[in-house]
Every structure is written in C-alpha cells, then in structure tokens.
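Spelled out from the first residue to the last, the chains are:
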Amino acid sequence: GFTGGTLIIKDQDGHTKFRGDIEGGKFDFHLTVDTIGYYSMRIIKTSYLEARYPGYDIYLEPGTYTIVAQPESAHQYPAITSSSETQTSLSQYYAIANTQNAAVARQLQQCTDVINDQSSSTDAIAKARVGRDSLMSEENKNMLKALASYVDQYPQNKVDRKSDV
C-alpha cells in the first residue's frame, strides 16, 4: 500500500469531512457522518497535489470499512470492503472498471509522474499533458463499458447511476 500520503473525504458540496495522514502504509480513523450517502474520497501520494488524482465515490453509513490502496494503482479505485450493501455494490462496479482500465491507469501514472517531476523538460511535460488528455478520454469510454458489464453481471445492483458515470 501507500507508505505515505493523505486520505481526504468530502461531502457532495465539496466540504472536507475528514483528512488524515497515511504513515508507514497505514491509517486509522473514526468518522461519524452527518448524512448517510455518497461522499468523495481521494488518496494522495505525499509528493503530489490533491488535484492530480481523481476523486472516487464512497458510500458511507454506520459500519466498518477497510480500504486497501496500492501506490502503483493511484489512478484506480482502491479495494474497499464494508458492511454496507451499497458500498459493496460500488466496489463490485469499480473492480470491473479497474480491470478494464488497468493499462490506461499505468500510463496515466507515468504521465502524471513526468508532469510532476521538476527535472522534466518543458517538452516532456507538454507531451505528457497531451498523452494524459487522450488517456483520460479512453478511461471515460472504458468506464461506460464497465457500467454496462456491471449491470449485466449484477442486474439487482444497489448503486445509483450518477450523471457523471
């Protein structure tokens, strides 16, 4: 997992509900949510700005959640297990999406690394930005394919279809 970084959870209005450090690859927190429902979660490497990584939906309700994120998979949804039926469905969807986007995620990570490396040339950064934009478009197409696959595999799913998926 991550050896260092930050976990951020925000509500649907963008207000930070939790921010905690990941140290030695571990973090532990207790969060009482005001409202049961969808929140945005980011896991960020220490060396990168928050905007560099996508935020992902997490469905929070009373219960225990285990989140496992690998540093080489920073552009993919972490493995989340919980007692929440809705979060379990969401995790099932993202497991399909992660498989379909594995190659794209690796390439996005490489582009992000070049963009954030202070020793990268201006030309290399420009090429990485163009590559990142193309990869993000491909990733979006794969997410739609993953949604179709998810609905086929889990027709009685508990995930609400959101307009941005």
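Keep in mind that this is a model prediction, so the values were computed, not measured. (Residues numbered from 1 in each chain as written. Predicted model: local features only at pLDDT ≥ 70, side-chain atom pairs only at ≥ 80, totals over all residues. Heavy atoms only, no water.)

A separate point is the overall build of the protein chain. The helix and strand inventory of the protein chain stands at three helices and six strands. When the helices and strands of the protein chain are read in sequence order from the N terminus, they spell out β-β-β-β-β-β-α-α-α. Residues classed as buried in the protein chain amount to 39% of the 165 residues present. The contacts in the protein chain between residues at least 6 apart in sequence include a share of 51% that link residues at least 24 apart. Here the protein chain displays about 9600 Å² of accessible surface, and carbon together with sulfur accounts for 49% of that area. (Helix = DSSP H or I, 4+ residues; strand = E, 2+ residues; numbered from the N terminus. Buried < 20%, exposed > 50% of the residue type's maximum accessible area, 1.4 Å probe, protein only. Contact = heavy atoms within 4.5 Å. Areas by Shrake-Rupley, 256 points an atom, 1.4 Å probe, with all protein chains shown as cover.)

Here we come to helix α2 (residues 102-116). An α-helix turns once per 3.6 residues; consequently, residues spaced three or four apart project the same way. The end-to-end C-alpha distance of α2 is 21 Å, a good match for the 21 Å that 15 residues give at a rise of 1.5 Å each. Those residues of α2 not exposed but buried are V104, A105, L108, Q109, C111, T112 and I115. An end-on view of α2 places all buried positions within 165 degrees of arc, on one side of the element. Along α2, exposed side chains directed more than 90 degrees from the buried face belong to R106 and Q110. (Expected span 1.5 Å × (residues − 1). Arc of directions from axis to C-beta.)

Our focus in this paragraph is the layout of surface pockets. The calculated volume of the second largest pocket comes to roughly 430 Å³. The set of elements that each furnish at least two residues to the lining of the second largest pocket consists of β4 (56-60) and β5 (65-68). Among the residues making up the lining of the second largest pocket, the classes are represented as 10 nonpolar, five polar and two charged. (1 Å grid on protein atoms, 1.4 Å probe; cavity = no way out; pocket = protein on both sides within 12 Å on 5 of 7 lines; lining within 4 Å. Points joined across faces, edges and corners; volume = space filled by probe spheres on them. Nonpolar A, V, L, I, M, F, W, Y, C, P; charged D, E, K, R; others polar.)

Let us look at the nonpolar core. Across soluble globular proteins, nonpolar side chains show a tendency to be buried alongside one another. Membership of the largest hydrophobic core comes to 26 residues, with the highest contact counts inside it found for M41, I58, Y77, I80, Y93 and Y94. Among the elements of the structure, β1 (4-10), β2 (16-23), β3 (37-45), β4, β5, α1 (85-100) and α3 (122-153) are those that each provide at least two residues to this core. The greatest single-element share of this core, amounting to five residues, is contributed by α1. Core analysis: the next-biggest nonpolar cluster, separate from the first, contains six residues, L108, I115, A128 and L135 among them. (Core = buried A, V, L, I, M, F, W, Y, C linked by side-chain atoms within 4.5 Å.)

In this fold, Y154 is placed in the segment after α3. Residue Y154 is classed as partly exposed on the basis of its relative accessible area of 31%. Residues Y154 and Y93 lie 61 residues apart in sequence; the distance between their C-alpha atoms is 8.9 Å.

Aromatic ring pairs are described here by two measures, namely the spacing of the ring centres and the angle between the planes. This model, assessed by the stated rule, comprises seven aromatic pairs. Seen from their ring centres, Y56 and Y77 are 5.4 Å apart, and the 90 degrees between their planes marks the pair as edge-to-face. Of the two residues, Y56 is situated in strand β4 and Y77 in the loop between β5 and β6 (79-82); the sequence distance between them amounts to 21 residues. Comparing Y56 with Y77 shows no difference in burial state: the two are buried. Ring-pair connections join several aromatic residues into one group, and the members of that group are Y56, Y77, Y93, Y94, Y150 and Y154. (Phe/Tyr/Trp six-rings, centres within 6.5 Å; stacked < 30°, edge-to-face > 60°.)

Let's shift gears to the side chain of Q87. Here Q87 is to be found in helix α1. For Q87, the side chain forms a polar contact with the main-chain nitrogen of Y59, separated by 2.7 Å. Apart from residues no more than four positions distant in its own chain, Q87 is found in contact with I58, Y59, Y65, Y77, I80 and S82. (Polar contact = N/O pair within 3.5 Å; in protein donor to acceptor, adjacent residues only side chain to side chain.)

With seven bridges connecting them, β1 and β2 associate as antiparallel partners. By the bridge assignment, K10 is partnered in β2 with T16. Connecting the antiparallel pair β1 and β2 is a turn made up of five residues, with G14 showing a positive phi of about 85 degrees. (Pairing = 2+ DSSP bridges.)

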